[in-house]
Amino acid sequence: MKKLFYPAVFHPEDTGYSVFVPDIDGCFSQGDTLEEAIEMVTDAIGLCLEEFSERQEEVPQPSNPKNVTCEPEDFIALIEFDWIAYQKKHDTKSVKKTLTIPSWLNTLAEEQHINFSGVLQSALKQHLNIK
């Protein structure tokens, strides 16, 4: 999934901001500062999109911000959502994989005390162009 840019509607409150994403039903959040509200709504987008993924439903596509309406005291901001960055931050569980390599390669790697998991992770990140 590429990066998505969702328009979010920010409403000033007595302390901070409430915010919702019109393209994603039930995607609401808030923050005491604008920075916190942006961070919180980004996490809310991630939680909502995880639910779509778990239900194997199509992820809602972002609207064009000029098509989003809001009240005069509100404002619209684009929220960047990066699925890979979100998963790196929140999905920290490890998954066991079984793989096969030639015996000679295994012997050489063990002699060098190579961390097989670390090498595989590095190679996968490089192959997938993930920094």
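As a reminder, the structure under discussion sits directly above these lines.
Each chain carries its own residue numbering, running from 1 in the written order of its sequence. Reporting of local features is limited, given that this is a predicted model, to residues whose pLDDT is at least 70; pairs of side-chain atoms are given and counted only at 80 or more, and all residues count toward the totals for whole chains, interfaces and linings. In computing side-chain properties, one takes all heavy atoms of the structure into account and sets aside hydrogens as well as water.

(A) Quick peek at the state of the cysteines. Cysteine sulfur pairs qualify as disulfides if the two atoms are within 2.5 Å. This model, assessed by the stated rule, comprises zero disulfides. Considering cysteine sulfurs only, Cys 48 is the nearest to Cys 27, which forms no disulfide, with 4.0 Å between them. Of all cysteine sulfurs in the structure, the one in Cys 27 sits closest to Cys 70, which takes part in no disulfide; the separation is 16 Å. By relative accessible area, which is 35% here, Cys 70 ends up partly exposed. When a residue's accessible area, from a 1.4 Å probe over protein chains only, is under 20% of the maximum for its type it is buried; when over 50% it is exposed; and in between it is partly exposed.

(B) Quick peek at a nonpolar patch on the surface. A surface patch of nonpolar side chains, amounting to about 840 Å² of accessible area, comprises Leu 99, Ile 101, Trp 104, Leu 105, Leu 108, Phe 116, Leu 120, Leu 124 and Leu 128. Going along the chain from the N terminus, every DSSP run of H or I of four or more residues is numbered as a helix, and every run of E of two or more is numbered as a strand. Listing elements by their share of the nonpolar patch, those giving two or more residues are helix H3 (103-111) and helix H4 (116-127). Mapped onto the fold, Leu 99 is located in the loop between helix H2 (83-90) and H3. Exposure above 30% relative accessible area and the lack of any salt bridge qualify a residue for a patch; like charges then connect within 9 Å, and the nonpolar side chains Val, Leu, Ile, Met, Phe, Trp and Tyr within 5 Å. The protein chains shown are the only cover counted for residues, whose accessible areas, like all others here, come from Shrake-Rupley with a 1.4 Å probe. A pair is scored as a salt bridge if a Lys or Arg side-chain nitrogen falls within 4 Å of a carboxyl oxygen belonging to Asp or Glu.

(C) Region of the structure containing the packing of aromatic side chains. Any two of the Phe, Tyr and Trp rings considered here, Trp counted by its six-membered ring, make a pair once their centres fall within 6.5 Å; the pair's planes then place it as stacked at under 30 degrees, edge-to-face at over 60, or tilted in between. One pass over the structure, following the stated rule, counts six aromatic pairs. Ring centres of Phe 81 and Tyr 86 lie 5.5 Å apart, and the angle between their planes is 50°; this geometry places the pair in the tilted category. The same class applies to Phe 81 and to Tyr 86, which are both buried. For the ring pair Trp 83 and Tyr 86, a centre distance of 5.9 Å and an interplane angle of 25° mean the geometry is stacked. Of the two residues, Trp 83 and Tyr 86 both sit in helix H2, three residues apart, roughly one turn of that helix. Each member of the pair, Trp 83 as well as Tyr 86, is classed as buried. One aromatic cluster in this structure is built from Phe 10, Tyr 17 and Phe 75. Geometry around Phe 52 places Arg 55 over its ring, the cationic atom sitting 5.2 Å from the centre. Criterion for a charge above a ring: Lys NZ or Arg CZ within 6 Å of the ring centre, and within 35 degrees of the ring normal.

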